[in-house]
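Read off the chains here:
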Amino acid sequence: MYDSDKRKLLSALSHGAIFFSTTFVSVGVPIALLFLSDDPVVKENAKESINFHFNVWFYGLIIAVLLVISFGLLFPLAGLGYLLHWGLTIWAIASVFSNPDTPFRYPFIFRIL
């Protein structure tokens, strides 16, 4: 049996790491948790967080290209991207606190891991 409080904390830390920054530094937390934790739910949450990081970077690149092409006219698209990114992350953290025994799955993302 795994410690529920530790599972909640590590799973929330894995998903919340994206709040540190959207650079490559923030993906280090879930990668470290993936290799250091022996809890299968924490490992699944870490994998999902890594996949979400990849999606944020991919869609951020697409939005950036669209902003350049449109000379900034599509700037509201960037705001929508941030709202979606932050909203999904907050939902993930709330989910792991309310249901710590089930890994959170982000909707509508591609999964590499």
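Scroll up to find the structure.
Only a predicted model underlies this, so the values are computations on that prediction, with no experimental measurement involved.

A.B. asks: Before we move on, can you summarise the overall build of the chain with the specific residues and values?
C.D. replies: Looking only at helices and strands, one finds four helices and zero strands in the chain. Reading the helices (α) and strands (β) of the chain from amino to carboxyl end gives α-α-α-α. The principal-axis extent of the C-alpha atoms belonging to the chain is close to 55 × 25 × 20 Å. Looking at the 113 residues of the chain, the share that counts as buried comes to 38%. Considering only contacts in the chain between residues 6 or more positions apart, those separated by 24 or more positions represent 66%. Summed over its atoms, the accessible surface of the chain is roughly 6,900 Å², and 76% of this surface lies on carbon and sulfur atoms.

A.B. asks: Account for the pattern of salt bridges, with residues named and values stated.
C.D. replies: Per the stated rule, a full pass over the model turns up five salt bridges. Across the salt bridge formed by R111 and E48, the nearest N and O atoms sit 2.7 Å from each other. One end of the pair, R111, is in the segment after α4 (75-98); the other, E48, is in helix α3 (residues 40-69), and 63 residues separate them in sequence. One salt-bridge network, held together by shared partners, links R7, D39 and D101.

A.B. asks: Account for the layout of surface pockets, naming residues and giving values.
C.D. replies: Taken as a whole, the largest pocket encloses approximately 530 Å³ of empty space. Around the largest pocket sit 22 residues that line it, and Y59, G60, I63, G81 and H85 are the ones nearest its centre. When residues of the lining of the largest pocket are traced back to their parent elements, those giving at least two are α3 and α4. Per-element accounting of the lining of the largest pocket gives the leading share, ten residues, to α3.

A.B. asks: Quick rundown of the packing of aromatic side chains? Include the residues and the values.
C.D. replies: By convention here, two paired aromatic rings are described through the distance between centres and the angle between planes. Applying the stated criterion across every chain yields a total of nine aromatic pairs. Plain terms: the ring middles of F104 and Y106 are 5.0 Å apart, the flat faces sit at 85° to each other, and that makes the pair edge-to-face. Chaining the aromatic ring pairs together yields one cluster made of F52, W91, F104 and Y106.

Rules behind the numbers
Residues numbered from 1 in each chain as written. Predicted model: local features only at pLDDT ≥ 70, side-chain atom pairs only at ≥ 80, totals over all residues. Heavy atoms only, no water. Helix = DSSP H or I, 4+ residues; strand = E, 2+ residues; numbered from the N terminus. Buried < 20%, exposed > 50% of the residue type's maximum accessible area, 1.4 Å probe, protein only. Contact = heavy atoms within 4.5 Å. Areas by Shrake-Rupley, 256 points an atom, 1.4 Å probe, with all protein chains shown as cover. Salt bridge = Lys/Arg side-chain N within 4 Å of Asp/Glu carboxyl O. 1 Å grid on protein atoms, 1.4 Å probe; cavity = no way out; pocket = protein on both sides within 12 Å on 5 of 7 lines; lining within 4 Å. Points joined across faces, edges and corners; volume = space filled by probe spheres on them. Phe/Tyr/Trp six-rings, centres within 6.5 Å; stacked < 30°, edge-to-face > 60°.

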